[in-house]
Amino acid sequence: LSFTCMLFLFVFIACKNKSKNPEDNIAGSPKELEQKAADLIRIFLDDAISDEGKVDDSTFLSQPHLIKMLYEKNKFIPLWSLKGEWRPLGDSLYNFIVHAQLCGLFPEDYHVKALTDIRTRFFNDSNAKAGRKNVSLWSRAELMLTDAFVEIVKDVKQGRLPQDSITLRKDSILDNKFYQQQFDALQQSGLLAQVIKSLEPKQRGYYLLKAGIQKFLDSADYRSFTFVPAPGKDPVQFRKSLLQRLFQSGFIASDSLQVDSLQLAGAIRKFQQKSGITVDGKAGEGTVRMLNTSDGEKFIRIAISMDKYKMLPEKMPAKYIWVNLPGYNLQLLDGDS
């Protein structure tokens, strides 16, 4: 009897693991693909709910109960694809994820690598010989897109910063009804950009920050650069690191210690001019700080600033003081004045 039970348990585990293998579950037709996908989406969601959001070794859902609710309404039929083809909304959501930085968000938060890998595999299988018939791949992509949509709604509405005691928003918790409303609005309009815009803050400062992101990204450099120590402690090491840093960014033709002072000052001026700081040709504390601030860190600061707008109430008080710490100024706002 114990041997029979163990054999049954082994078969059950093997079958369960087999359902998660993306190399299995090949559909014979587009219609069969849609039906099998619905069945597998249900299985994947049940697995995720019982395993704290984990679908498989590489797929994690942030809110599996909510995602299951969204699919139940549609009888688990795929939401972003149809019979082996992406729906326009599926393409729109994927493109938003890839370019999420334009909204002060981070593509890696929304399964961008896994989704790109799957879509590339489908693209390379244009004749639907294997990849496009793979039910597991379509089902996993479905769930990752829905999970991404849920997270995007939360991040655009409330931001990624943790809520704290000074947060002025009253709707600090978004319930399932709110997510369902956003999903229904998307299905009815078919316009992802319209739904996203309805969730964003209405403050002018937010849109000014957002408007400048494209220009920043066009020139952003995400390479790792030599760290420049504080000037004065070790002059030899400081000069060596400074030359390496300026050379890596293309502001000077060589990082040799034989570079003369005029060439070095000229390179520093080029960097200062590009960085929008005082141009004096001297590597003072402010210039060194800018040299050690990567574009990746700058983008994080932009994202944090945008998130702070999301922590403000929907409607500001009739009279309040707006303090600009970096600009060393404040404004008293009274109505429109």
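Being a predicted model, the structure only gives us computed values, none of them experimental.

So, about the overall build of the protein. Broken down by element type, the protein carries 13 helices and six strands. Residues counted as buried form 40% of the 337 residues belonging to the protein. In the protein, the share of contacts with a sequence separation of at least 24, taken over all contacts with a separation of at least 6, comes to 59%. As displayed, the protein offers around 19,700 Å² of accessible surface, 57% of which is attributable to carbon and sulfur atoms.

On to unusual backbone geometry. Although it is not a glycine, Glu52 sits at a positive phi angle of roughly 55°. Among the residues examined, Glu52 registers a relative accessible area of 72% and is labelled exposed.

Let us look at the pairing of strand β6 (residues 329-334). Regular strands place their side chains on alternate faces of the sheet. Strand direction decides the pairing type here: strand β5 (residues 319-324) and β6, joined by six bridges, are antiparallel. Within the sheet, the bridge partner assigned to Tyr320 lies in β6 and is Leu333. Between β5 and β6, which pair antiparallel in sequence order, lie four residues; one of them, Tyr328, sits at a positive phi of approximately 55°.

Where helix α2 (residues 30-50) meets helix α3 (residues 64-72), the closest approach of the two axes is 9 Å, and the angle between their N-to-C directions is 155°. The orientation of α2 with respect to α3, classified from their angle, is roughly antiparallel. Pair α2 / α3 crosses with left-handed handedness. The segment α2 lies against α3, with Ile41, Leu45, Asp46, Ala48 and Ile49 engaging Pro64, His65, Ile67, Lys68 and Tyr71. A per-class count over the contact of α2 with α3 returns seven nonpolar, one polar and two charged.

Contact geometry of α2 with helix α6 (residues 135-158) gives a least axis separation of 9 Å together with a crossing angle of 55°. Taken together, the axes of α2 and α6 are oblique relative to one another. Regarding α2 and α6, the two cross each other, and that crossing is right-handed. Facing α2, whose interface residues are Leu33, Lys36, Ala37, Leu40, Ile41, Phe44 and Leu45, α6 presents Val135, Ser136, Trp138, Ser139, Arg140, Glu142 and Leu143. Along the lines of polarity and charge, the residues of the contact of α2 with α6 split into nine nonpolar, two polar and three charged.

You can see Arg42 is positioned in helix α2. Remark: the alpha-carbon pair of Arg42 and Lys75, spanning 33 residues in sequence, is separated by 9.1 Å.

This next bit is on the side chain of Arg140. Looking at where Arg140 falls in the secondary structure, it is placed in helix α6. Within polar-contact distance, the side chain of Arg140 engages the side chain of Asp56 at 3.2 Å.

Model confidence for the protein is summarised by a mean pLDDT of 88, while 88% of its residues fall at 70 or above. Predicted confidence in the protein is weakest over helix α1 (residues 2-19), with a mean pLDDT of 48, and strongest over helix α4 (residues 88-98), with 97. The model gives residues 7-23 a pLDDT under 50, and that stretch makes 19 contacts with residues more than four places away or in other chains.

How two aromatic rings sit relative to each other is given by the distance of their centres and the angle of their planes. Following the criterion strictly, the structure yields twelve aromatic pairs and no others. Where Tyr206 meets Tyr207, the ring centres are 5.3 Å apart and the plane angle is 85°; that geometry is what we call edge-to-face. Residue Tyr207 is classed as partly exposed on the basis of its relative accessible area, which comes to 28%. Their ring planes at 25° and their centres at 5.8 Å tell us that Tyr309 and Trp322 sit as a pair that is stacked. In this pair, Tyr309 sits in helix α13 (residues 295-310) while Trp322 sits in strand β5, placing the two residues 13 residues apart along the sequence. On the accessibility criterion, Tyr309 (15% relative accessible area) is buried. Between the NZ or CZ atom of Arg119 and the centre of the ring of Tyr94, over which it lies, the distance is 4.1 Å. Stacked on the ring of Phe225, the Lys or Arg Arg245 has its end atom at 4.1 Å from the ring centre.

Turning to the nonpolar core, a few remarks are in order. Ranked by size, the top nonpolar core spans 54 residues in total, and within it Tyr71, Trp80 and Ile97 carry the most contacts. Among the secondary structure elements, those contributing two or more residues to this core are α2, α3, α4, α5 (112-124), α6, α7 (176-189) and α8 (192-199). Here the element with the most residues in this core is α6; it accounts for 13 residues. Apart from the residues within four sequence positions on either side, Ile97 is in contact with Pro107, Tyr110, Val112, Leu115, Leu145, Ala148 and Ile152. Among the nonpolar cores identified, the runner-up in size contains 15 residues, and Ile252, Val259, Ile268 and Ala283 belong to it.

Reading the values: rules and limits
- Residues numbered from 1 in each chain as written.
- Predicted model: local features only at pLDDT ≥ 70, side-chain atom pairs only at ≥ 80, totals over all residues.
- Heavy atoms only, no water.
- Helix = DSSP H or I, 4+ residues; strand = E, 2+ residues; numbered from the N terminus.
- Buried < 20%, exposed > 50% of the residue type's maximum accessible area, 1.4 Å probe, protein only.
- Contact = heavy atoms within 4.5 Å.
- Areas by Shrake-Rupley, 256 points an atom, 1.4 Å probe, with all protein chains shown as cover.
- Pairing = 2+ DSSP bridges.
- Axes fitted to C-alpha atoms, helices over the stretch in contact; angles between N-to-C directions.
- Parallel < 35°, antiparallel > 145°, perpendicular 65-115°, else oblique.
- Left-handed = near helix turned anticlockwise from the far one by under 90°.
- Nonpolar A, V, L, I, M, F, W, Y, C, P; charged D, E, K, R; others polar.
- Polar contact = N/O pair within 3.5 Å; in protein donor to acceptor, adjacent residues only side chain to side chain.
- pLDDT = per-residue confidence, 0-100.
- Phe/Tyr/Trp six-rings, centres within 6.5 Å; stacked < 30°, edge-to-face > 60°.
- Lys NZ or Arg CZ within 6 Å of the ring centre and 35° of its normal.
- Core = buried A, V, L, I, M, F, W, Y, C linked by side-chain atoms within 4.5 Å.

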